[in-house]
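# Structure assessment
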Amino acid sequence: MSKSVARAALSHRIFTGIPRRRLAKLIAELAGPWDGQQESRLRQRRGRDRLRAPGAGPRRDLVFTDRVIATLVVLRFQLPHAALALLYQVDRATITRAVGEIRPLLAARGFAVPGKPELRLRTLADVFAYAAAEGIELRIDGTEVQVRRPKAGKPGRRAFVSGKKKQNTIKATVISDGNGRLLWAGAIRPGRQHDATALRTEGVEDLLRQYPQVQALVDSGYQGLARDFDDQVTAPPKKPRNDAPTEELAVYQDKRKAQSSQRICVEHAIAEPKQWRPLQRYIGRREHFHDTLLAVTGLVSDRCAER
């Protein structure tokens, strides 16, 4: 199979997760940062400015377009690098190097918002500022992804054991709007850490004080946050005791269902990135999970912003 045939097949949305129209825009968007990244790396290695014009020297085994496509296929299916190397007729290390170059660029793109293609949300502060400006009620929830167990005897091994799933996981916080559009994913922490603690360490308390007009719906895992900011954060009501009157239990169920129906859209926002294989069960190196999650969720947010 020639490289052109491999490019034509792998550029289909079945492999990349995005249509070719958006793929072309993505390649054009990443070309400048990638060129700057490569020039900086070469300048650091040489210790001086280049003597020849850009483009001189040996040709690359894998052109930039193929590097982007190969990275998207890896993010979509966790396909072994050796398999892609066989399709492109290059060494496995070439694919690994290409993924290592493109994945951070995808992770740094941020998250798209509807109606404003020039605006990208990259931090939790950006999300709160956007919500305050647009009058959006946020939906906040956490999600976990199973990862490989750390080696025996390694410090911090137990930190990845999730008390909920009883597995080695890494968790992240996801924020959406009322239409289920993904606005942000972050606060990536080992699975043992509580959802509310992960969000607090990201500085959510300071942001709630800075933007008192921002409202948020959360699940029962954020009861403490809802207690501290009861005028901004709404959590499900506390469950009555088992011997409570029937009327009290009925009122509790009605309130819980009403709050859940308003918050369910964030579950849909979590489900969309989970269609990408690495976020179902991540088998790569844990130090690359942060960039993988941000790259995938950023690509998903592009599709969400068009709804």
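Scroll up a little and you will see the structure.
Notes on the structure in this doc start here. Everything numeric here is computed off the predicted structure, so don't read it as measured data.

### What to know about the nonpolar core
Core analysis: the largest hydrophobic core is formed by 79 residues, its most contacted members being Tyr 88, Ile 95, Leu 106, Phe 128 and Leu 138. Those residues within four positions of Leu 138 in sequence are excluded, and the remaining contacts are Val 127, Phe 128, Ala 131, Ile 175, Ser 176, Leu 183, Val 214, Gln 215, Ala 216 and Leu 217.

### Thoughts on the environment of Gly 17
Secondary-structure assignment places Gly 17 in the loop between α2 (13–16) and α3 (20–46). Looking at Gly 17, the relative accessible area reads 13%, which means it is buried. For the pair formed by Gly 17 and Ser 176, sequence separation is 159 residues and the distance between their alpha carbons is 21 Å. In this structure Gly 17 touches Arg 76 and Trp 276, once residues within four positions along its chain are discounted.

### Digging into the packing of helix α1 (residues 3–10) against helix α5 (residues 81–88)
When two helices pack together, you describe them by how their axes are tilted relative to each other and by the distance separating the axes. At a closest axis distance of 8 Å, the pairing of α1 and α5 adopts a crossing angle of 125°. Judged by the inter-axis angle, α1 sits oblique to α5. In this structure, α1 contributes Lys 3, Ala 6, Arg 7 and Leu 10 to the contact, and α5 contributes Leu 84, Leu 87 and Tyr 88. The residue makeup of the contact of α1 with α5, split by class, is five nonpolar, no polar and two charged.

### Some words on the pairing of strand β3 (residues 138–146)
Across the nine residues of β3, eight count as buried, placing the element largely inside the fold. With two bridges connecting them, β3 and strand β6 (residues 216–217) associate as parallel partners. Of the residues in β6, the one forming a bridge with Leu 138 is Ala 216. Pairing of β3 with strand β4 (residues 169–176), which is carried by eight bridges, proceeds in the antiparallel orientation. What sits directly across from Asp 141, in β4, is Val 174.

Criteria and cut-off values
Residues numbered from 1 in each chain as written. Predicted model: local features only at pLDDT ≥ 70, side-chain atom pairs only at ≥ 80, totals over all residues. Heavy atoms only, no water. Core = buried A, V, L, I, M, F, W, Y, C linked by side-chain atoms within 4.5 Å. Buried < 20%, exposed > 50% of the residue type's maximum accessible area, 1.4 Å probe, protein only. Contact = heavy atoms within 4.5 Å. Helix = DSSP H or I, 4+ residues; strand = E, 2+ residues; numbered from the N terminus. Axes fitted to C-alpha atoms, helices over the stretch in contact; angles between N-to-C directions. Parallel < 35°, antiparallel > 145°, perpendicular 65-115°, else oblique. Nonpolar A, V, L, I, M, F, W, Y, C, P; charged D, E, K, R; others polar. Pairing = 2+ DSSP bridges.

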